[in-house]
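# Structural overview
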Amino acid sequence: MSKKVADVLWEMLAKAGVKRCYGIAGDALNPVVDALRRNGTIEFVPVRHEEYGAFAAIAEAYFTGNPVVVCGTAGPGVVHLFNALMDARKEGAPIIAIAGDVESSIIDTSALEEMNPYKFFEAASLYTARLVNPEQARAVIGTAIRTAVLEKGPTVLAIPGDVASADAPDQPTDLTIAAPAVVRPSDTDLEKLVRMIDEAKTVAIFGGDGCREGRDQVVELARKLKAPVGYAFRGKQWLEHDNPNAVGMTGLIGYGGAYNAINEADLLLMLGTDFPFSEFLPGASVKKVQIDKNPKHIGRRTALDLGLVGDIKSTVSALLPAVKAKTDGTFLAKQLAHTESFHQLLQHYVEKGPAIKPIRPEFLAATLSELASDDAMFFADTGTACIWLARHIHGGKNRRLFGSFSWASMANAAPNAFGCALAYPGRQCIALCGDGGFTMLGLGDLLTQVERRTPVVQVILNNEKFDFVHIEQQEAGFIPFGVEFKNPNFAKVAEAMGAKGIRIEEPEDVREGLAEALAYKDGPVVVDAVVDPFALAMPSHSPFHTVKGFTLSFAKQVLSGRLDTVIKEMGRNVGIV
């Protein structure tokens, strides 16, 4: 029997290293899913919501480096993929989305569930194709795979059911994917950079996810230049651990001496980062060099004195033997001292946590970090979960930290953890979930985890509000509004769904409850942690507009009869507000 187009599709995807496909089957997609069943080498992971499956795929693809497939049927099913595909594009995850499509004979007739994939996926997809003729199969499928893998992002294949079921042409399905190219600046540009470094009295480094492969080289460069190393959120897991020059993060969730370091140095080296908060980057008083393999990143966040295109590992490797070692460590010592001082401030609610009720999230996160294994994988929902991940979950050589750091979508943590639990069986996969995010997306597919007995630990920050939005409204000078809601007992809900549920209300139960959750291996765990709804986390450097906004918001709340709320918030954030 001749191969069908859908058979060729899965054959080529398997050759590209695809291990799993997440999604929901449906009418337009049925021929594709049936071919997946026949193929037998790629696991199908049916989920309750396509977006959940796509977020699971993103974490798997990002960490393994292998392409992962997601699928949704025509119209609504495909639309549910969009938000996560935007996240995949921002985070650099090789995802291939297979979109069911209406029969080829009724394309462009406004048929039921018909949509134009080119227009709809334009913002999210690096390459979108509509496979309307079997003769296209090898070229179109191969292009989608290579683009996803080599450009590190999502691609979309829209396939009508009749085309998927059609006989495939007798063409080879061999697939060759080139290794990523090694890119570094020209010798002339490197010589300019060497001169700038040698002439600068003090140098600071600010790194991002682009340092992932060149982490050791960056740390060695910092040692040679006596340069403090700050990092963006996506750079934390690579540059924080085992780095004596680490000075933390800058930005609204920043901590440590990073802000001072990058704003007080003579020269700032921005390595593999597209940090989007320009107000935290230095002005003209500091010379700035940016190195990134993506030319579009160069100079778009701040004015530069030199912009170079190159991957960090090869560029810094070429730079290391050429620059002169610095001998004066005064500047580095000052920034490390500032970092240590802020660390002591961060420890206030960690050390006092056992005696404070409601539970302080700082104490909860720090205890979780202490108890988790050295190779644990942590995932944070967008919101205050990111603050506690950044400040109180410590990285390590084999620990991994992930979230929707560049797209900032809600509800990513639980599915991210699920995807990595499948890709890395035996490793602790821990989701730090906001209660809003978990009820938005995580709760329904808890059933998927239960069915597969996937040992994902979901720690819910139960404060009955969209906490980060609450903080944002205060920063803007508004009276918080529309951010509060009522929650169930998540532990009881989890137990009713077949998962293990643990509710923690008392601070003295935090350590025992988290230890029990981490030790459980027979399926998913939901830890319902009732945390202080008034906990705040100010950055190590607060811009004037932030301080002004909080002051104005507090004044408005007092005048509107919320004096008790203001008193509670200030009283529960000693040394922060």
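Only a predicted model underlies this, so the values are computations on that prediction, with no experimental measurement involved.

The next subject is the overall build of the protein. When its secondary structure is counted, the protein shows 25 helices and 19 strands. With the C-alpha coordinates of the protein rotated into their principal frame, the extents come out at 75 × 65 × 45 Å. For the protein, with 577 residues in total, the buried portion stands at 57%. In the protein, the proportion of contacts linking residues at least 24 apart, taken out of those at least 6 apart, comes to 75%. Counting only carbon and sulfur atoms, one obtains 54% of the accessible surface of the protein, whose full area is about 22,800 Å². Here the protein contributes 58 positive and 68 negative side-chain charges, whose respective centroids are spaced 5 Å apart.

Under the counting rule described, the total for this entry stands at 32 salt bridges. The closest approach of N and O atoms between Arg215 and Asp216, which form a salt bridge, is 3.3 Å. When its relative accessible area of 12% is taken as the criterion, Arg215 is described as buried. A network of salt bridges, in which partner residues are shared, links Lys3, Glu11, Lys15 and Asp174.

Below, the discussion takes up the sheet that holds strand 7 (residues 203–207). As summarised here, the arrangement of the 7 strands in space is 10-9-8-7-11-12-13, forming an open sheet in which the pairing is mixed. Looking at strand neighbours, the two that pair on one side only are strand 10 (255–256) and strand 13 (306–309), the edges of this open sheet. The pairing of strand 9 (residues 246–249) with strand 10 spans 2 bridges and is antiparallel. Bridge pairing in strand 10 places Gly248 opposite Gly256. Those strands touched by helix 9 (residues 187–199) are strand 7, strand 11 (267–271), strand 12 (287–292) and strand 13, and its axis lies near 135 degrees from that of strand 13. Strands in contact with helix 10 (residues 215–225) are strand 7, strand 8 (229–231) and strand 11; relative to strand 7, the strand with the most contacts, it is inclined by about 165 degrees.

For the rest of this paragraph, the subject is the layout of surface pockets. As a volume, the second largest pocket reaches approximately 300 Å³. Tyr231, Glu240, Tyr255, Thr339 and His343 are the residues nearest the centre of the second largest pocket, which is lined by 18 residues in total. Of all the elements in the fold, those that place two or more residues in the lining of the second largest pocket are strand 9, strand 10, helix 14 (330–346) and helix 17 (384–392). Take the lining of the second largest pocket: its biggest share by element is 6 residues, from helix 14.

Let us look at the packing of aromatic side chains. Summed over the entire model, instances satisfying the criterion amount to 15 aromatic pairs. A centroid spacing of 6.2 Å and a plane angle of 90 degrees characterise the contact between Tyr259 and Phe280, whose relative ring orientation is edge-to-face. Taken together, the positions of Tyr259 in helix 12 (residues 258–264) and Phe280 in the loop between strand 11 and strand 12 put the pair 21 residues apart, joining distant regions of the chain. The exposure class of Tyr259 is buried, given its relative accessible area of 16%. A connected cluster of aromatic rings, assembled from ring pairs, spans Tyr62, Phe63, Phe379 and Phe402. When the ring centre of Tyr349 is taken as reference, the NZ or CZ atom of Arg360 above it lies at 3.6 Å. The positively charged end of Arg427 is found above the aromatic ring belonging to Tyr424, 5.3 Å away from the centroid.

Right, let's talk about the packing of helix 16 (residues 361–371) against helix 23 (residues 510–519) for a bit. Axis separation between helix 16 and helix 23 bottoms out at 10 Å; the angle between their running directions is 45 degrees. On the basis of the axis angle, helix 16 is oblique to helix 23. In the crossing of helix 16 with helix 23, the sense of the turn from one axis to the other is right-handed. Residues Phe363, Leu364, Thr367, Leu368, Glu370 and Leu371 of helix 16 pack against Val510, Arg511, Leu514, Ala515 and Leu518 of helix 23. The residue inventory of the contact of helix 16 with helix 23, partitioned by class, reads 8 nonpolar, 1 polar and 2 charged.

Strand order across the open sheet formed by 6 strands is 2-1-3-4-6-5, with parallel pairing between neighbours. Two strands in the sheet have a free side with no partner beyond their single neighbour: strand 2 (43–46) and strand 5 (127–130). Across this sheet, the average inter-strand angle for adjacent strands is 20 degrees, counted without regard to direction. In terms of strand pairing, strand 1 (residues 20–23) meets strand 2 through 4 bridges, oriented parallel. The residue of strand 2 that forms the bridge with Arg20 is Glu43.

This part covers the nonpolar core. Core analysis: the biggest nonpolar cluster contains 123 residues, and Ile95, Leu269 and Phe379 have the highest contact counts within it. For this core, the element with the highest residue contribution is helix 3 (residues 50–64), accounting for 10 residues. Setting aside chain neighbours within four positions, we find Leu269 in contact with Leu193, Ile197, Val203, Ala204, Ile205, Phe206, Leu221, Leu225 and Val289. Ranked by size, the runner-up nonpolar core spans 35 residues in total, among them Ala6, Val33, Ile96 and Leu157.

Moving on, we get to the pairing of strand 19 (residues 525–530). Along any regular strand, the residues point their side chains to alternate faces of the sheet. Along strand 19, 5 of the 6 residues are buried, which leaves the element largely enclosed by surrounding structure. Bridge analysis of strand 17 (residues 456–462) against strand 19 gives 6 bridges, and the strand direction is parallel. Looking at strand 19, one finds that Val459 is bridged to Val527. Two strands pair when backbone bridges link them, and strand 18 (residues 500–504) and strand 19 are joined in this way by 5 bridges, in the parallel orientation. Counted as the bridge partner of Lys500 is Val525 from strand 19.

Conventions used here
Residues numbered from 1 in each chain as written. Predicted model: local features only at pLDDT ≥ 70, side-chain atom pairs only at ≥ 80, totals over all residues. Heavy atoms only, no water. Helix = DSSP H or I, 4+ residues; strand = E, 2+ residues; numbered from the N terminus. Buried < 20%, exposed > 50% of the residue type's maximum accessible area, 1.4 Å probe, protein only. Contact = heavy atoms within 4.5 Å. Areas by Shrake-Rupley, 256 points an atom, 1.4 Å probe, with all protein chains shown as cover. Lys, Arg positive; Asp, Glu negative; His and termini not counted. Charge placed at Lys NZ, Arg CZ, Asp CG, Glu CD. Salt bridge = Lys/Arg side-chain N within 4 Å of Asp/Glu carboxyl O. Pairing = 2+ DSSP bridges. Axes fitted to C-alpha atoms, helices over the stretch in contact; angles between N-to-C directions. 1 Å grid on protein atoms, 1.4 Å probe; cavity = no way out; pocket = protein on both sides within 12 Å on 5 of 7 lines; lining within 4 Å. Points joined across faces, edges and corners; volume = space filled by probe spheres on them. Phe/Tyr/Trp six-rings, centres within 6.5 Å; stacked < 30°, edge-to-face > 60°. Lys NZ or Arg CZ within 6 Å of the ring centre and 35° of its normal. Parallel < 35°, antiparallel > 145°, perpendicular 65-115°, else oblique. Left-handed = near helix turned anticlockwise from the far one by under 90°. Nonpolar A, V, L, I, M, F, W, Y, C, P; charged D, E, K, R; others polar. Core = buried A, V, L, I, M, F, W, Y, C linked by side-chain atoms within 4.5 Å.

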